[in-house]
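# Summary of structural features
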Amino acid sequence: MERILDNIIIFICCLVFLFSFSTDKMMIVSICISIIYTCLTIYFDKFIVNLFLFLAVLLFSLFSNTLSYFIPLFCYPFFHTSYTYVCIPAVFVLYQHHNELNILAAAFIVLLSVLSFILKFRTDNYMGEHRHFEEIRQNLKDYNTNLNLKNRELIAKQDYEVTNATLNERNRIAREIHDSIGHTLSGSILQIAALAAVVRDEQIASHLKEVNERLTDGMNSIRNSIHNIHEESVDLNLKIAEMVNSFDFCPIDYIYDVERDFSSKAKYALIYIVRESLTNIMKYSNATHVLVNISELPGFYKIIIHDNGTAFSSSAVTAGMGTVSMYDRINSLGGTINITRDNGYRIYITIPVETKITEQK
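Rules used throughout
Residues numbered from 1 in each chain as written. Predicted model: local features only at pLDDT ≥ 70, side-chain atom pairs only at ≥ 80, totals over all residues. Heavy atoms only, no water. Helix = DSSP H or I, 4+ residues; strand = E, 2+ residues; numbered from the N terminus. Buried < 20%, exposed > 50% of the residue type's maximum accessible area, 1.4 Å probe, protein only. Contact = heavy atoms within 4.5 Å. Areas by Shrake-Rupley, 256 points an atom, 1.4 Å probe, with all protein chains shown as cover. Axes fitted to C-alpha atoms, helices over the stretch in contact; angles between N-to-C directions. Parallel < 35°, antiparallel > 145°, perpendicular 65-115°, else oblique. Nonpolar A, V, L, I, M, F, W, Y, C, P; charged D, E, K, R; others polar. Salt bridge = Lys/Arg side-chain N within 4 Å of Asp/Glu carboxyl O. Phe/Tyr/Trp six-rings, centres within 6.5 Å; stacked < 30°, edge-to-face > 60°. Lys NZ or Arg CZ within 6 Å of the ring centre and 35° of its normal. Pairing = 2+ DSSP bridges. pLDDT = per-residue confidence, 0-100. Expected span 1.5 Å × (residues − 1). Arc of directions from axis to C-beta. Patch = residues over 30% accessible without salt bridge, like charges linked within 9 Å, V, L, I, M, F, W, Y side chains within 5 Å.

### Some remarks on the overall build of the protein
Across its full length, the protein holds 12 helices and five strands. Every one of the 361 residues in the protein was classed for burial, and the buried ones make up 36%. A separation of at least 24 residues holds for 73% of the contacts in the protein among residues at least 6 apart in sequence. With an accessible surface of roughly 21800 Å², the protein has 61% of that area assigned to carbon and sulfur atoms.

Structure, rendered in structure tokens:
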């Protein structure tokens with residue numbers, strides 16, 4: 001756009017000089033040639049094309065002195081470039097018409113050529129600065145995008161650490177309650193039961209039996225609470241993500257899309273199966289990519305562990321205790337497991353959603 005404005009300015013100045021110093025009938029033709037030349041050089045903007053057009057108009061200028069008034073316009077594409085020397089033939093054209101052009105007209109053409117050079121110099125600098133600014137703006141945009149991405153990753157990692165620390169603290173509290181209060185109550189229950197057995201006063205024995213029953217109920221309540229705390233402290237997604245992050249044999253695509261939580265039994269079963277599968281991949285497979293997909297569908301959970309390995313020892317896996325244990329664990333949950341070796345080693349598991357409800361009952 002800046003170069004178009006420069007060409008318009010130079011063209012108007014050349015037109016004013018033409019009408020001021022010439023009355024030749026070829027003025028209209030010269031004006032048309034100048035307009036066509038300017039439009040073509042702007043449109044193509046290539047050195048070879050511009051050079052051909054420049055030499056053509058210079059050739060015409062040898063036969064028309066009115067066309068020589070537009071030499072500043074013709075030279076504009078080559079000013080402030082490594083091809084500025086191309087404009088030297090224009091001096092020869094002016095010399096050819098020195099008898100037809102008065103000194104003032106020739107001086108105006110030279111001054112206008114200087115103006116053309118200054119405009120080209122200014123425009124090139126402006127466009128260079130504009131490109132530099134756009135590069136800086138794009139770099140800042142990319143930097144900001146990367147910064148936001150790193151920030152989200154940092155927040156996710158912080159959430160992961162906080163969740164992991166919270167779950168570990170729950171486990172620690174549950175163990176301490178079990179080890180201290182649990183053992184103390186168990187010992188008290190046994191002592192009271194023994195005392196109730198040897199005491200002869202039936203009223204005292206009745207009271208001791210009542211205390212024993214209350215302590216037993218309290219003990220069962222504490223055990224249930226500890227069991228619930230321990231079950232909630234096992235984050236399946238977190239545990240499997242830890243295994244995936246520590247697996248450096250090949251890249252893993254991990255997908256976890258579950259809203260309702262698994263039962264404690266199902267969690268430990270799936271943790272074992274994923275760990276066993278990743279271990280088998282490292283031992284027996286030449287896989288370069290692994291997919292671990294745990295999703296919730298209407299009525300059941302779907303678990304897929306699939307690698308793209310082509311050299312998998314089927315005997316090592318089929319006869320192994322690990323694979324047998326996979327089948328036993330899934331069957332105990334009322335689910336199904338299917339292992340195939342077409343297009344890589346693939347484990348497909350389904351577990352009914354009702355498993356957790358049934359277990360809790």
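Back to the text.
### Details of the packing of helix 8 (residues 236-246) against helix 9 (residues 264-284)
At a minimum axis separation of 10 Å, helix 8 and helix 9 run at an interaxial angle of 10°. As summarised for this structure, helix 8 and helix 9 are arranged roughly parallel, according to the angle between their axes. Of the residues in helix 9, those in contact with Leu 236, Lys 239, Ile 240 and Met 243 of helix 8 are Lys 267, Leu 270, Ile 271, Val 274, Arg 275 and Leu 278. Residues that form the contact of helix 8 with helix 9 fall into these classes: seven nonpolar, no polar and three charged.

### Examining the pattern of salt bridges
If you walk through the whole model with that rule in mind, you get six salt bridges. Salt-bridge contacts for Arg 137 lead to Glu 134; the nearest nitrogen and oxygen are separated by 3.0 Å. Remark: Glu 134 and Arg 137 occur in helix 6 (residues 103-198); sequence separation between them is three residues, near one turn of the helix. In this structure, Arg 260 engages Glu 296 in a salt bridge whose closest nitrogen and oxygen atoms are separated by 2.7 Å. Placement of the pair is Arg 260 in the loop between strand 1 (252-257) and helix 9 and Glu 296 in strand 2 (residues 290-297), with a sequence separation of 36 residues. By relative accessible area, Arg 260 is classed as partly exposed at 44%. The structure contains a network of salt bridges with shared partners spanning Glu 2, Asp 6 and Arg 122.

### Concerning the packing of aromatic side chains
Summed over all chains, the structure comprises 13 aromatic pairs. An aromatic cluster of three or more residues is present, and its members are Phe 47, Phe 54, Phe 78, Tyr 83 and Tyr 85. Stacked on the ring of Tyr 272, the Lys or Arg Arg 329 has its end atom at 4.1 Å from the ring centre.

### A look at the sheet that holds strand 5 (residues 346-352)
Across the sheet, five strands lie side by side as 1-2-3-5-4; this open sheet has mixed pairing. In this open sheet, the two strands that pair with only one neighbour each are strand 1 and strand 4 (336-340). Between one strand axis and the next, the sheet turns through 10° on average, direction left out of account. Examined bridge by bridge, strand 3 (residues 300-307) and strand 5 share seven bridges and lie antiparallel to one another. Within the sheet, the bridge partner assigned to Lys 302 lies in strand 5 and is Thr 350. Contacting strand 1 and strand 2, helix 8 runs over the sheet at an angle of about 175° to strand 1.

### Topic: the confidence of the model for the protein
With 85% of its residues at a pLDDT of 70 or more, the protein has an overall mean of 82. In this model residues 315-319 is a low-confidence stretch, pLDDT under 50, and it forms nine contacts with partners more than four residues away in sequence or in other chains. With pLDDT under 50 throughout, residues 355-361 is counted as low confidence; its partners more than four residues away or in other chains account for 10 contacts.

### Points about the side chain of Ser 295
Looking at where Ser 295 falls in the secondary structure, it is placed in strand 2. The class for Ser 295 is buried, based on a relative accessible area of 9%.

### Concerning helix 2 (residues 27-44)
Relative to the 26 Å expected for 18 residues at 1.5 Å per residue, helix 2 spans 26 Å between its end C-alpha atoms, a close match to the ideal helical length. Listed in full, the buried residues belonging to helix 2 are Met 27, Ser 30, Ile 31, Ser 34, Tyr 37, Thr 38 and Thr 41. Buried positions in helix 2, seen along its axis, are confined to an arc of 130° and lie on one side of it. More than 90 degrees from the buried face of helix 2, the exposed residues found are Ile 28, Ile 36 and Tyr 43. The elements touched by buried residues of helix 2 are helix 1 (2-21), helix 3 (47-61) and helix 4 (71-75). Phi turns positive one or two residues past the end of helix 2, at Asp 45, with a value near 55°.

### What about the packing of helix 3 against helix 5 (residues 88-96)?
Contact geometry for helix 3 and helix 5: axes closest at 10 Å, N-to-C directions at 10°. It follows from the interaxial angle that helix 3 and helix 5 lie roughly parallel. Counted together, Phe 54, Leu 58 and Ser 61 of helix 3 and Pro 89, Ala 90 and Val 93 of helix 5 form the full contact between these two elements. For the contact of helix 3 with helix 5, a count of residues per class yields five nonpolar, one polar and no charged.

### Quick notes on a nonpolar patch on the surface
Nonpolar side chains collect at one region of the surface, where Met 1, Ile 4, Leu 5, Ile 8, Ile 12, Val 16 and Ile 42 lie side by side and expose about 620 Å² of accessible area between them. Here the nonpolar patch takes five residues from helix 1, the largest share from any one element. Relative to the helices and strands, Ile 8 is located in helix 1.

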